[in-house]
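# Fold and geometry: a report
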Amino acid sequence: MDYKASENIQDLQYFGEFGGVNPSISDSSTYTFLSAKTMFDTFEGNTEGCYLYSRHSSPSNLYLGEALAQLEGTESANVYASGMGAISSVIMQLCNANKHIVCSRTIYGGTYAFLKNFLKKFNISTSFIDITDLEIVEQSITPKTKMIYCEAVSNPLLEVADIQSLSRLAKKHGIPLVVDNTFSPLNINAAKLGAEIVIHSLTKFINGSSDCVAGAVCASTDFCLSLKDVNDGAGMLLGSTLDSLRAASILKNMRTLHVRIKKHSENAHYLAAAFEKDGLKAVYPGLESHPGHETMKNQMNAEYGFGGLMTLDVGSLENANALMELMQKEKLGYLAVSLGFYKTLFSAPGTSTSSEIPLEEQEELGLSQGLIRFSIGLDNDIHKTYLTMRSCMEELEILPKKAVLV
Ligand code: PLP
């Protein structure tokens, strides 16, 4: 698998209204028409290139959408005010009342809560299954099933989905495979592997500066247009539109994504390997001990590595909390949810981003209370980071003190 997304993004070139090197930001919620007839035609969806109202689309959102379509290799992409805005729009667009969804049991807590609790209002049910067991996935599909949904690399357990096999299964049953690729932009090109719809929380790696929330749906032009339809488009009618100023700033940050992803991956791989060697339970798709290592190797774009996320199990919630507080004090990063920032971010998912999942289900998944999820930052000297993290663990007796050679 080697889709040259960053080369395609590199070839994008826009000029601002006055010849600026950045496209001009569309600072308007509404747009004028010279004739009333064109306005009517635009509402009917018959006028290419005319803007109507910024909840529908805006030049700045279209520029960012174009770059994201290049990233995933899809025909089109729409942008949203958050990752959840993108996820809820896609699901509501594809799924009517009384239907069914097959979904990985390890996914972001907000998506889990949306599927499990919110969609009850519409009598939409979800089977949460082990997405790595293709037999179980297929057995879960019923005539009512409207999609298979998973994350390419899952939050928080970093389970790797076999997108090619899942796509074959989805096609066999005539349903779309929807993949949330938030954890692995550039590392994995889910659409090129067969996903029909690819979702991103732009809040994370793609924007990379932890200063806004945003989301994207990368898919066929038909599907992207259907989401914007003024009569029945979930994006248009649920209203989670991204603001143009934010779209412009995300587009600028996206230009360094290829450089950042390589460094995030390099640093995460270094730390995961070092802590595994030290005897800690480290989970990282780049480690041979990871059950999804071979799957990841087969479907990744090798130059971007195995991604910037890793988990360490430090035995108990007390250990996890004490370690995170100490690491923050030692300036190793922030005790904060989210990911993709230049500094390392760490949180205990059991009591934060996955707290929507009941405790018994967390245990069943292997989500232990001592698990810390790390989004590894862009540290220039990762060995120094390792030594400081290690000394925090030694101070808290999570790891024994290393013998000092004299
Ligand atoms: N998908 C994944 C994998 C996530 O981790 C998150 C948030 O943490 C989301 C979607 C939701 O994105 P947002 O917070 O931008 O709505």
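Residues numbered from 1 in each chain as written. Predicted model: local features only at pLDDT ≥ 70, side-chain atom pairs only at ≥ 80, totals over all residues. Heavy atoms only, no water.

### Describing empty space enclosed by the protein
Filter applied, for reference: The rule is simple: put a 1 Å grid over the protein atoms alone, call a set of points where a 1.4 Å probe fits but cannot get out a cavity, call an open set with protein on both sides within 12 Å along at least five of seven lines a pocket, and count a residue as lining if it has an atom within 4 Å of a point. Grid points are joined across faces, edges and corners, and a volume is the space filled by probe spheres set on the points. The numbering of helices and of strands both runs from the N terminus, where a helix is a DSSP run of H or I of at least 4 residues and a strand a run of E of at least 2. Per the annotation, domain bounds derive from an automatic or database assignment of domains.
Per the stated rule, a full pass over the model turns up 3 cavities of 30 Å³ or more. Of the volumes computed, that of the largest cavity is approximately 160 Å³. Taken together, the elements giving at least two residues each to the lining of the largest cavity come down to helix H3 (59-72), strand S1 (76-80), helix H8 (221-228) and helix H9 (234-238). Among the elements that make up the lining of the largest cavity, the one with the highest residue count is S1 (4 residues). Its volume calculated, the second largest cavity comes out at about 50 Å³. In this structure, the second largest cavity is lined by Val-153, Phe-183, Ser-184, Asn-187, Pro-285, Met-296, Phe-306, Gly-307, Gly-308 and Leu-309. Each of domain 1 (5-254) and domain 2 (258-395) accounts for three or more of the residues forming the lining of the second largest cavity.

### Brief notes about the sheet that holds strand S11 (residues 344-347)
Applicable threshold: Note on pairing: two strands pair once DSSP finds at least 2 bridges between them. Axis definition: a line fitted to C-alpha atoms, limited for helices to the stretch in contact. Angles are taken between N-to-C directions and run from 0 to 180 degrees. When checking whether two residues touch, look at their non-hydrogen atoms; a contact exists if any pair is within 4.5 Å.
With mixed pairing, 5 strands are arranged side by side in an open sheet as S8-S9-S12-S11-S10. Looking at which strands have only one partner, the edges of the open sheet turn out to be strand S8 (281-283) and strand S10 (333-335). Across the sheet, the mean angle from the axis of one strand to that of its neighbour is 20°, orientation sign disregarded. In terms of strand pairing, S10 meets S11 through 3 bridges, oriented parallel. Counted as the bridge partner of Tyr-334 is Leu-345 from S11. Along the sheet, helix H11 (residues 257-277) contacts S8 and strand S9 (309-313); its crossing angle with S9, the most-contacted strand, is approximately 20°.

### What about the environment of Leu-332?
With respect to the secondary-structure elements, Leu-332 resides in the loop between helix H13 (317-329) and S10. With 27 residues separating them along the chain, Leu-332 and Gly-305 place their C-alpha atoms 22 Å apart. Sequence-distant contacts of Leu-332, that is, excluding residues within four places in its chain, are made with Met-327, Thr-344, Phe-346, Thr-385, Thr-388, Met-389 and Cys-392.

### Brief notes about the pairing of strand S6 (residues 197-201)
The side chains of a regular strand alternate, first on one face of the sheet and then on the other. Rule in force here: In this scheme, a residue with accessible area under 20% of its type's maximum is buried, one over 50% is exposed, and one in between is partly exposed, where area comes from a 1.4 Å probe on protein chains only.
Within S6, 5 of the 5 residues are buried, which leaves the element mostly enclosed by the surrounding structure. What you see with S6 is no split at all: Ile-197, Ile-199 and Ser-201 on one side and Val-198 and His-200 on the other are buried throughout. The sheet contact formed by strand S5 (residues 177-180) and S6 spans 3 bridges and is parallel. The partner of Val-179 across the bridge, within S6, is Val-198. Alignment of S6 against strand S7 (residues 215-219), held across 4 bridges, turns out to be antiparallel. Residue His-200 lies in a different strand from S7, and its bridge partner there is Ala-216.

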